[in-house]
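# Reading the structure
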Amino acid sequence: MPTFDRYLLSQLLVLFGFFSLVLVSVYWVNRAVVLFEQLIGDGHSALVFLEFTALALPNVIRLVLPVSAFAATVYVINRLTTESELVVVQAMGYSGFRLVRPVVIFGLFVALLVSVLNHVLVPISRAELNDRRAEIAENVTSRLLTEGQFLHPANGITFYIREITPLGELQDVFLSDSRTPDQRTTYTAKNALLVPGDDGPKLVMFDGLAQTLRIPTQSLLTTSFQDSVYDIAGLMGSPAKTRIGIQELPTSSLLRAPDDLLRQTGKDRAEFLYEGHARVAQPFLAVAGAMIGFGALMLGGFSRFGVWRQILLAIVLLIVVQLLDNAMADVARRGAGFWPVVYLPPVAGVAMASLMIWISARPGLFRRRSAVTGSAT
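Everything numeric here is computed off the predicted structure, so don't read it as measured data.

## Quick notes on a nonpolar patch on the surface
On the surface, Leu112, Val116, Val120, Leu121 and Ile124 cluster together to form a nonpolar patch covering roughly 430 Å² of accessible area. Relative to the elements of secondary structure, isoleucine 124 occurs in helix H5 (residues 101-138).

See the structure below:
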């Protein structure tokens, strides 16, 4: 690789690492605050909080890397333009399409990173995250059961436990259920256990008494029991088992869209094909973003007043490409045959950048047309 290409590529990589670190940190802090309130507030340890934030990081990095590539390209090219380094290189005979070569290599490097995240790390982390969420949701003891306190997990429900042993046994349980308007049932038991079930956890009580007060007749029915099962899945807010998420599936399964996975996820073939091809196409948005940043700044040339207008143009074009990507996502989900439109946004971004680089090599193009128009009038 020529010396200038190595120099420009090294500058891009350094700034790319800096912007990625800053953006990931900002995004992670915002996400961590929400997770901290949810997990720590529900009685979970700091290790659970760190595990959840670590599993969320691959998806955060996937979203941030293309933006970091664009920001690094704009910053580096702006600095090289301000310090007249690009002017010197162009005076040596380097054209715009020759100068963009290290930017394309840089974009492909970022695209490779995003591809690894899209196809490997993000699906694995999302699957693991959903599994951990299901485990946390079923762990009622850590979320809601607190010894020595009267708890009200739902309207009309009062729950009390004197002590929870290290083995998870509940000692001296009191449960009052007044959700039915015309009666109130109170359970007392010497000990109880929480047992997982297909539709949520069950409370199994031993050596207890059930007292049902029928309010209209003011009659009390008392029943002693050796063991009794109470369904607490609904009152504890434990969600039912969810379907397999489409984001958790490998790319090969998404592109094949087998019928069994369509039934398990509840999605149609168009959704599968969109998700699979989007994982292939979206990494190249990093290439398009880097080239757009380079091409827009090449339009300005050297100016003591800076290239802020070109930077604004680059930002606007990047937003246009992102809006196009969102629009094509909606189109692709309408039918299984529309998946090729997913590749349109990166192709459009590269085309925009190539057009700007071509125009930058002809600075007198529009001035000559203006002159011809003025002379004709």
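## What about the packing of aromatic side chains?
As enumerated under the stated definition, the model contains 8 aromatic pairs in all. Relative to phenylalanine 106, the ring of phenylalanine 16 has its centre 5.6 Å away and its plane inclined at 80°; by these criteria the two rings are edge-to-face. Remark: phenylalanine 106 occurs in helix H5 and phenylalanine 16 occurs in helix H1 (residues 3-41); sequence separation between them is 90 residues. In this structure, phenylalanine 16 and phenylalanine 106 share a single accessibility class: buried. Each member of the aromatic cluster is reached from another via a ring pair, and the members are Phe18, Phe19 and Tyr75.

## Re the sheet that holds strand S5 (residues 202-214)
Working definition: the strands of a sheet are paired by backbone hydrogen bonds and lie parallel or antiparallel to each other. Strands sit in the order S1-S2-S3-S4-S5-S6 across an open sheet of 6 strands; the sheet is antiparallel. What marks the edges here is a single partner per strand, and that holds for strand S1 (150-151) and strand S6 (219-231). Across 7 bridges, strand S2 (residues 157-164) lies against strand S3 (residues 170-177) in antiparallel orientation. Bridge assignment links glutamate 163 to a residue of S3, and that residue is glutamine 171.

## With respect to helix H9 (residues 269-281)
Note that an α-helix has 3.6 residues per turn; residues three or four places apart therefore point the same way. In a regular helix each residue adds 1.5 Å, so 13 residues correspond to 18 Å; H9 covers 18 Å between its end C-alpha atoms and thus fits that length. Those residues of H9 lying buried are Ala270, Glu271, Phe272, Leu273, Tyr274, Glu275, Gly276, His277, Ala278, Arg279 and Ala281.

## Describing the side chain of arginine 62
Position of arginine 62 relative to the elements: it lies in helix H2 (residues 46-82). Buried within the structure, arginine 62 lacks any salt-bridge partner; its nearest side chain of opposite charge belongs to glutamate 275, at an N-O separation of 6.8 Å. Setting aside its immediate chain neighbours within four residues, arginine 62 contacts Val114, Leu117, Asn118, Val122, Arg126 and Gln282.

## Let's talk about the pairing of S5
Of the pairings in the sheet, the one linking strand S4 (residues 183-195) to S5 comprises 12 bridges and is antiparallel in character. Looking at the pairing, valine 195 lines up with lysine 202 of S5. By the bridge criterion, 12 bridges tie S5 to S6 in an arrangement that is antiparallel. Directly across from methionine 205, in S6, lies its bridge partner serine 228. Joining the antiparallel neighbours S5 and S6 is a turn of 4 residues, in which glutamine 218 adopts a positive phi near 55°.

## Quick notes on the nonpolar core
Buried together is how nonpolar side chains tend to be arranged in soluble globular proteins. Formed by 43 residues in total, the largest nonpolar core has its most connected members in Leu8, Phe106, Val110 and Phe294. The set of elements that each furnish at least two residues to this core consists of H1, H2, helix H3 (85-91), H5, helix H10 (284-298), helix H11 (308-332) and helix H12 (344-360). The residues contacting leucine 8, other than those within four sequence positions of it, are Val76, Ile77, Leu80, Leu99, Pro102 and Val103. Core analysis: the second largest hydrophobic core is formed by 16 residues, Phe159, Val173, Ala192 and Tyr230 among them.

## Examining unusual backbone geometry
Within the chain, serine 84 stands out as a residue other than glycine whose phi angle is a positive 65°. Along the chain, serine 84 turns up in the loop between H2 and H3. Residue class for serine 84 comes out partly exposed when judged on its relative accessible area of 26%. Not every positive phi belongs to a glycine, and glutamine 218 is a case in point at roughly 55°. For glutamine 218, the location among the structural elements is in the loop between S5 and S6. Glutamine 218 sits in the exposed class, given a relative accessible area of 58%.

Conventions and cut-offs
- Residue indices follow the written sequence of each chain, beginning from 1 at its first position.
- Reporting of local features is limited, given that this is a predicted model, to residues whose pLDDT is at least 70; pairs of side-chain atoms are given and counted only at 80 or more, and all residues count toward the totals for whole chains, interfaces and linings.
- For the side-chain quantities, the full set of heavy atoms in the structure was used; hydrogens and water were omitted.
- Patch members must show over 30% relative accessible area and no salt bridge, and they are joined within 9 Å when carrying like charges or within 5 Å when they are nonpolar side chains of Val, Leu, Ile, Met, Phe, Trp or Tyr.
- Accessible surface area values rest on a Shrake-Rupley calculation with a 1.4 Å probe, where residue burial reflects the displayed protein chains alone.
- Here a salt bridge means any side-chain nitrogen of Lys or Arg lying within 4 Å of a carboxyl oxygen belonging to Asp or Glu.
- Helix and strand definitions here come from DSSP, where helices need a minimum of 4 consecutive H or I residues and strands a minimum of 2 consecutive E residues; each element is numbered from the N-terminal end.
- Under the pairing criterion, centres of Phe, Tyr and Trp rings, with the six-membered ring standing for Trp, must be within 6.5 Å; the plane angle then separates stacked pairs below 30 degrees from edge-to-face pairs above 60, leaving the rest tilted.
- To sort residues, take the accessible area from a 1.4 Å probe on protein chains only and compare it with the maximum for the residue type: under 20% means buried, over 50% means exposed, and anything in between is partly exposed.
- Pairing between two strands is assigned when DSSP locates at least 2 bridges connecting them.
- The span you would expect from a helix comes to 1.5 Å times its residue count less one.
- When charges are counted, Lys and Arg are positive and Asp and Glu negative, with His and the chain ends excluded.
- Contact definition: two residues touch when any of their heavy atoms are within 4.5 Å.
- Buried residues of nine kinds, namely Ala, Val, Leu, Ile, Met, Phe, Trp, Tyr and Cys, make up a nonpolar core once their side-chain atoms join them within 4.5 Å.

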